[in-house]
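# Geometric and topological summary
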Amino acid sequence: MSKPPISGDPASQGTDELLQRAHKLYTNVLQGNISHLDFPIAHRGRALGVISNLSSDGYSQLLGDLANALVARFQQQGSRADLACAIECHLVGLALRPIGHPMRVNALVDLATALLIRFKEDGALNDIHLAIDNFAAALSLCPFEYPARCSLIMKYAGALLLRFEYCGDAEDAERAIEQYQTVVDLSSPEERPAPLNNLASALQSRFQHFHELKDLELSIQHSSAALHFLPTHHPDRPQTLCTLAGGVFDRFHQKGDVADLETARRYYQAVYDLCSQEHPYHVLALDKLADVLLARFKHQGDSFDLDLAISHYRTACIHSEGRPDQGMHLDHLGNAQLLQFRQCGDTTDLHRAIENHYLALELHPLGHHRRPATMAALASCLDARFEQQGDLADLKKALIFYNDALALFSKDHPQRPAILNNIASTLEMYFKQYKGLNELNRCIAYYREALELLPTTHVDRPVTLTGLACALLSRFELLGDEFDLDQALLHCTVALDARPVGHPARPISLLTMARVCRSRFLPWDDSKKLDGVFEYLRAAKDACKLGHSLLLDIHAELSIIYFLRYLVSQHTMDLKEALGYHELSMAFGSGGVWAAFRASLYWVQSAEMFRHAYAVDAYRTALRLLDRCITVAKAPELQLELTKRHAELMLDAFSAAIRYRQPDLAVEMLEQGRQLLWTQVALHRSILDELRSCGEQGVRLAEDFEQLDNQLERRLGRQSGRESPHHHRDLQKQRDAVIAQIRRLDGFNYFLMHPSFADIQRAAIDGPVIVVNASHYLCNAIIIFATGQPSLVPLPKVTLADVARLAALFHDIARYSGDPDPGGDRERRLIDLLAELWDLVVSPVVDRLLPHTPKGSRIWWCPTGKFTSLPLHAAGPYQGIELNLSQLYISSYTPTLSSLIKSRRTKSSSTPHRSSFTPFLSNFLKGRKSKSSRPFTPTLASCTFAAICSNERTEDIDMLRKVLPLTCTMTRITGANATHEHVIRAIREQPWIHFNSKAEPNFDLPFKSHFPLHDKPMSLLEIAQTLAEVERPPEFAFLSVSHGSSGTEGHESMHFPHALHMAGFQSVVGTMWAVDEEVTRRIASAFYHSVVVESRGVVDCASAAKALNQALKTVEEGTPLEQRIAFVHVGV
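It should be emphasised that the depicted structure is a prediction, and the values quoted were computed from it without experimental measurement. (Residues numbered from 1 in each chain as written. Predicted model: local features only at pLDDT ≥ 70, side-chain atom pairs only at ≥ 80, totals over all residues. Heavy atoms only, no water.)

## Thoughts on the overall build of the chain
Our working definition: In this description a helix means any DSSP run of H or I spanning at least four residues, a strand means any run of E spanning at least two, and both kinds are numbered starting from the N terminus. For the exposure calls, accessible area comes from a 1.4 Å probe over protein chains only, and a residue counts as buried if that area is under 20% of its type's maximum, exposed if over 50%, partly exposed in between. Two residues qualify as a contact provided that any one of their heavy atoms is within 4.5 Å of a heavy atom in the partner residue. For every accessible area listed, the method is Shrake-Rupley and the probe measures 1.4 Å; residues are considered covered only by the protein chains on display.
If you tally the helices and strands in the chain, you get 47 helices and 15 strands. Counting the 1132 residues in the chain, one finds 56% classified as buried. Within the chain, contacts between residues at least 6 apart in sequence are counted, and of these 67% link residues at least 24 apart. About 48,400 Å² of surface is accessible on the chain, with carbon and sulfur atoms providing 52% of the total.

## Brief notes about helix 21 (residues 461–479)
So the rule is basically this: To estimate the expected span of a helix, count its residues, drop one, and scale the result by 1.5 Å.
Taking 1.5 Å as the rise per residue, helix 21 with 19 residues should run 27 Å; its terminal C-alpha atoms sit 27 Å apart, in good agreement. For helix 21, a buried count of 15 out of 19 residues is recorded, marking the element as mostly surrounded by other parts of the structure.

## Brief notes about the confidence of the model for the chain
Let me state the cut-off plainly: pLDDT is a residue-level measure of predictor confidence that goes from 0 to 100.
Of the residues in the chain, 86% reach a pLDDT of 70 or more, and the chain-wide mean stands at 83. Across residues 716–725 the pLDDT falls below 50, and counting only partners more than four positions away or on other chains, this stretch makes 20 contacts in the model.

## Considerations on helix 27 (residues 593–609)
Between its first and last C-alpha, helix 27 extends 24 Å over 17 residues, near the 24 Å set by a 1.5 Å rise per residue. Counting buried positions along helix 27 yields 12 of 17 residues, so the element is predominantly enclosed. Regarding helix 27, the residues found buried are Val593, Ala595, Ala596, Phe597, Ala599, Ser600, Tyr602, Trp603, Val604, Ser606, Ala607 and Glu608. As for helix 27, its buried residues are in contact with helix 23 (506–519), helix 25 (551–569), helix 26 (572–584), helix 28 (615–632) and helix 30 (647–659). Residue Arg611 follows helix 27 closely and has a positive phi angle near 55°.

## Section: the pattern of salt bridges
How we decide: The term salt bridge refers to a side-chain nitrogen of Lys or Arg lying within 4 Å of a carboxyl oxygen of Asp or Glu.
Evaluated as defined, the whole model comprises 38 salt bridges. Where Glu836 meets Arg805, a salt bridge forms, and the shortest distance between an N and an O atom there is 2.7 Å. Here Arg805 lies in helix 36 (residues 800–815) and Glu836 lies in helix 37 (residues 825–849), a separation of 31 residues in the sequence. Take Glu836: its relative accessible area is 26%, and that puts it in the partly exposed class. The exposure class of Arg805 is partly exposed, given its relative accessible area of 33%. A salt bridge links Asp958 to Arg972; the nearest nitrogen and oxygen atoms lie 3.1 Å apart. You can see Asp958 sitting in helix 41 (residues 955–963) and its partner Arg972 sitting in strand 7 (residues 970–974), a full 14 residues away along the chain.

## Examining the nonpolar core
Here is the rule we go by: Take the buried Ala, Val, Leu, Ile, Met, Phe, Trp, Tyr and Cys residues and link them wherever side-chain atoms come within 4.5 Å; each set so joined is a nonpolar core.
Counting residues in hydrophobic clusters, the biggest one holds 238 residues, and the most contacted among them are Val842, Trp861, Phe995, Leu1060, Phe1065, Phe1087 and Tyr1088. Ignoring any residue separated from it by four or fewer positions in sequence, one finds Leu1060 in contact with Phe995, Phe1011, Leu1020, Ile1023, Ala1037, Leu1039, Phe1065 and Val1068. Among the nonpolar cores identified, the runner-up in size contains 50 residues, and Leu115, Ile128, Val183 and Ala226 belong to it.

## Quick word on the packing of helix 14 (residues 303–319) against helix 15 (residues 326–344)
Filter applied, for reference: The convention used is that axes are lines fitted to C-alpha atoms, helices contributing only their stretch in contact, and that angles between N-to-C directions extend from 0 to 180 degrees. An angle counts as roughly parallel when it lies under 35 degrees, as roughly antiparallel when it exceeds 145, as roughly perpendicular when it falls between 65 and 115, and as oblique in every other case. A crossing counts as left-handed when the near helix is turned anticlockwise from the far one by less than a right angle, and as right-handed when that turn is clockwise. In this classification, the charged set is Asp, Glu, Lys and Arg, the nonpolar set is Ala, Val, Leu, Ile, Met, Phe, Trp, Tyr, Cys and Pro, and all remaining amino acids, among them Gly, are polar.
With their axes 9 Å apart at the nearest point, helix 14 and helix 15 run at an angle of 155° to one another. On the basis of their axis angle, the class for helix 14 and helix 15 is roughly antiparallel. Every pair of crossing elements has a handedness; the one defined by helix 14 and helix 15 is left-handed. Listed contacts from helix 15 to Leu306, Asp307, Ile310, Tyr313, Arg314, Ala316 and Cys317 of helix 14 are Gln326, His329, Leu330, His332, Leu333, Ala336, Gln337, Leu339 and Gln340. Looking at side-chain class alone, the contact of helix 14 with helix 15 contains 9 nonpolar, 5 polar and 2 charged residues.

## A short note on the packing of aromatic side chains
Spelled out, the test is: Here the aromatic set is Phe, Tyr and Trp, taking the six-membered ring for Trp, and pairing holds for ring centres within 6.5 Å; pairs whose planes are under 30 degrees apart are stacked, those over 60 apart are edge-to-face, and all others are tilted.
For the coordinates displayed, the defined rule picks out 20 aromatic pairs. With centroids separated by 6.0 Å and ring planes inclined at 40°, the aromatic side chains of Phe164 and Phe210 adopt a geometry described as tilted. Taken together, the residues Phe164 in helix 7 (residues 149–167) and Phe210 in helix 9 (residues 193–210) connect sequence positions 46 residues apart. Relative accessible area serves as the criterion here: at 27%, Phe210 is assigned to the partly exposed category. Centroid distance Phe563 to Tyr614: 5.4 Å. Interplanar angle 50°. Geometry classified as tilted.

## Description of the side chain of Arg149
Stated precisely, the cut-off is as follows: By the counting rule applied here, Lys and Arg register as positive and Asp and Glu as negative, while His and the ends of each chain are not counted.
Tracing the chain through its elements places Arg149 in helix 7. Look at Arg149: it is buried, it has no salt bridge, and the nearest opposite charge is Glu145 at 8.1 Å. In this structure, Arg149 is in contact with Leu139, Cys142, Pro143 and Phe144, ignoring residues within four places of it in sequence.

## Section: the pairing of strand 7
Stated formally: Here, a strand pair is defined by DSSP locating no fewer than two bridges between the strands. A crossover gets the label right-handed when its path from the first strand over the helix to the second runs clockwise, viewed with the strands pointing away from the viewer.
As defined by bridge partners, strand 6 (residues 945–949) adjoins strand 7 across 5 bridges and the pair is classed as parallel. Bridging from a neighbouring strand, Ile948 pairs with Ile973 of strand 7. One crossover worth recording links strand 6 to the parallel strand 7 by way of helix 41, and it is right-handed.

## Description of a nonpolar patch on the surface
Worth spelling out the cut-off: For patches, a residue must show more than 30% relative accessible area and have no salt bridge; joins then use 9 Å for like charges and 5 Å for nonpolar side chains, namely Val, Leu, Ile, Met, Phe, Trp and Tyr.
On the surface, Leu437, Leu478 and Leu479 cluster together to form a nonpolar patch covering roughly 250 Å² of accessible area. With respect to the helices and strands, Leu478 occurs in helix 21.

## Section: the packing of helix 23 against helix 25
Look at helix 23 against helix 25: their axes get within 11 Å of each other, and the N-to-C directions meet at 25°. The angle between helix 23 and helix 25 places the two elements in the roughly parallel class. Pair helix 23 / helix 25 crosses with left-handed handedness. Contacts between helix 23 and helix 25 involve Leu511, Ala514, Arg515 and Arg518 from the first element and Asp553, Ile554, Glu557, Ile560, Ile561 and Leu564 from the second.

## Points about the environment of Asn1109
We count it as follows: Contacts described as polar in this section are N or O atom pairs within 3.5 Å, which, within protein, must combine one atom able to donate a hydrogen with one able to accept it, while residues neighboring in sequence count only if both atoms come from side chains.
With respect to the secondary-structure elements, Asn1109 resides in helix 46 (residues 1104–1114). Assessed through its relative accessible area of 11%, Asn1109 is described here as buried. Sequence-distant contacts of Asn1109, defined by excluding residues within four places in its chain, comprise Ser886, Tyr889 and Ile890. A distance of 3.2 Å separates the side chain of Asn1109 from the side chain of Lys1113, its partner in a polar contact.

## Some words on unusual backbone geometry
Notably, Gln570 is not glycine yet its phi reads approximately 65°, a positive angle. Checked against the element boundaries, Gln570 lands in the loop between helix 25 and helix 26. We classify Gln570 as partly exposed; its relative accessible area is 41%. Positioned with a positive phi, Tyr878 is a non-glycine residue whose angle comes to about 55°. Residue position: Tyr878 is located in the loop between strand 4 (858–863) and helix 38 (885–888).

## Considering the side chain of Arg1124
Topologically, Arg1124 is positioned in helix 47 (residues 1121–1124). One buried charged residue, Arg1124, remains without a salt bridge, the closest side chain of opposite sign being Glu1116 at 4.3 Å. Within polar-contact distance, the side chain of Arg1124 engages the backbone oxygen of Thr1119 at 2.6 Å.

In structure tokens form, the structure reads like this:
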């Protein structure tokens, strides 16, 4: 179509002719020639600029036509400037048509329409408020016989309904319905379909907010009547079909009748088939059709429906690009992708969902009416990622988005309960992982607020009731308040009644009811009281199809109930059933580990409550599953939290094995737990981190293991007919093959397993190892000798409270170490404490050692829990001629038995680097002709030192140089040279390291404890990562200046020397608390002198413990006791 030319200058044309031409062009546009929009707009724009003699009526008409043309062009091209200019023109035009003007109604309606369009675009509530005010003003000016009155009422009612949908004010809905009903009553049968459909839409919208069934039934009735009046190809038929389909779909959600679901699908499909791609209902129908398919998937479980729904949502996003509703379609696509992730476990779906919600958030800026819904959807995705990976940052972001969304909703907004439920669910998830009571209390408060806002007939009320019951049950299990349990039972009963047989959410209500009833069971109750719990669980199990994600939790709960009944009845068949269901709870790889682990903890609790010997097996299972949970947990924060929270599990396991006379198993379980504790809390490393540090093969095997493990986990809840029934077994075989390869690597023989006592016993090859343990049940020690069974040493005089008291008293004395003690009161108190420690703990151990271990031998202490805060090596009677422990034996420490074994293996397999002893080798070779009966051993790599000091004070380093033999080369790294790079290189290359830099502990995160250096600190984690990569780790480290402890995590003190040993140093000397620099210098000088003497010229880390013992005796005179006993040796 050719464009009509605009000839002449408006200034040279008559006013009437100009207005007629402009109006003709605009009328042409209204008749469908939208390609001509630019011409009337340009013509009017120039006219407004040059005509000065127009009347106010003519000027307002010109402004109105220009504004309407700009609105039309905005709807065609999307330029926001056109819409803003149109509204400005309407405002000016309205001012030119005061009250009483015959055309004021038109001006009000045109302005209101433009404001409504802008509201739909931007979501600014002020626009819809103004639009409604203008429609109301126009309506008040219209006489009853006004020909367009019905049309105006419909527009006014539509604006009221739109505001109700966004703001939730029931008065708006009531007024809209009244207005639509008025139009229906005034319309002839031929005119009635449109107002009937609008009335149906209003009733449907009010139902969706307040869930009054009579509104829904009336809506379906009116839309059916409207459809009856419309012929097949009537242009209003798609809209009416959509309304009817929406009502039927809502009725399915309310009543669960599958026939309604199929009817809704058929109606939406009809709309889609009727509308071309350009039709505004084409994308809407596609989106709604996807909604129905998604609901059918949730109800029937056919993954084809989910795939097709996602395809429809994706197509809707493509077709709506650049349109105001694009963000809504992105949200819908993201929600479906989140559901697919929950079903299949593929993190790609989750990442795509998050990406789509972020894109939608960009399209819904602050003030947009859809922004709260988008933030809530994004928060749900972050929730899911936190649940899968445990990254606390995701949970914190989710709570921020939820709270921001909540702040945008008024107290009576219909979406507020849903957001409250989501926040409560997130806080409950946080509690499950991190056990924060404050978060649990907030969770309960949010559920209760949501419950108060939901009508008794609301479809989401059972969801809130079940969530609240679960949260109250968790608080009861934590605090033991039976009121919480009673409330949980009440809410759960109501929720279960609201979900009849066949309801898709009934299994979760049945499972929750079973858990609540199980919690009411007491040890002295009749086992028949559990029959009702069995009924709930069996009903829940029967209601779940094969592969349902809830089956793992149901199986775990069944294992608990059978185990409880076994403890009461002692029927072995119950135990067999319990074990069988426990295995089923782990049937889908790592996905089932969490449910099984929670069940195993309850087994432990129940066995202890009933004082049953099966407690030992329960502890062993719980420790194995804890290890597995930590391995599969993705986020380091979650790994750390799991380890710290269950740190006492290993101590109680040790105690249980002792109580039931299984000392070798006690040692195995304790070592398993301590390995977890120290590698996670102190070094922040998992077994897979260790594997990756073993070169390319280790990296490849770690990746293969994780990939196969994730594939097995993704099968959780996905048992579709399109998958081979053998697929799971094939994946399991592949994973087992990778595990077998890993176990062939040096140091990984027990990957996902744990060494037997026979393997652990190798730790005592050079001297006995004494494990000292304090639990809630009893305190005892076990001595591990190189051969034979471990020797149990009961400690009947001491309790866990005694150990905690002694630890606190020692801590108080250590705080003031180095301060003046003129009256000697602090030293007397210290001696009293050391004597009490001797009497309660150490003396019984020594009595058991003396018949088997000669005096002067080396012994190793492996304390646990609060015992780690006590200087066991310094205990003694401290009176008369009686000997203290340091005069009987040479004490060392080891954080774990495995670290001691590993250090010995490393030391024995070490071969010297050629360059390390070349300076002395020539002299050795020259003296080779000597016929000495005792040939001199060359100085090996262990005599190469690095002395590190972050400041310019080098007194300690000068002392070190004087004491060491000239054959020992020493690298000085001091002052400005003490950079992170230089120190890391020294740790990589030098066998002996002397740290003269103060160690700064991090009490919250021990692995972040660090040495301050010239440019930046060097953390314990970095040291561990560095040593994991070197072929031959360093032999020895001396901490010349130290704060001693690298943190106290709950019940266990983690001292820096112990942590350095775990990081890879074979032997470490350091302090348990701060010591004066001058005292440290004296002890270091005496120590290195003793090392040289003991080694006969060859610096050997195996002589470090004896050398420290000698050094402390050398400086005894003139050195306060509290300063001397702070020094400890750790390792070989």
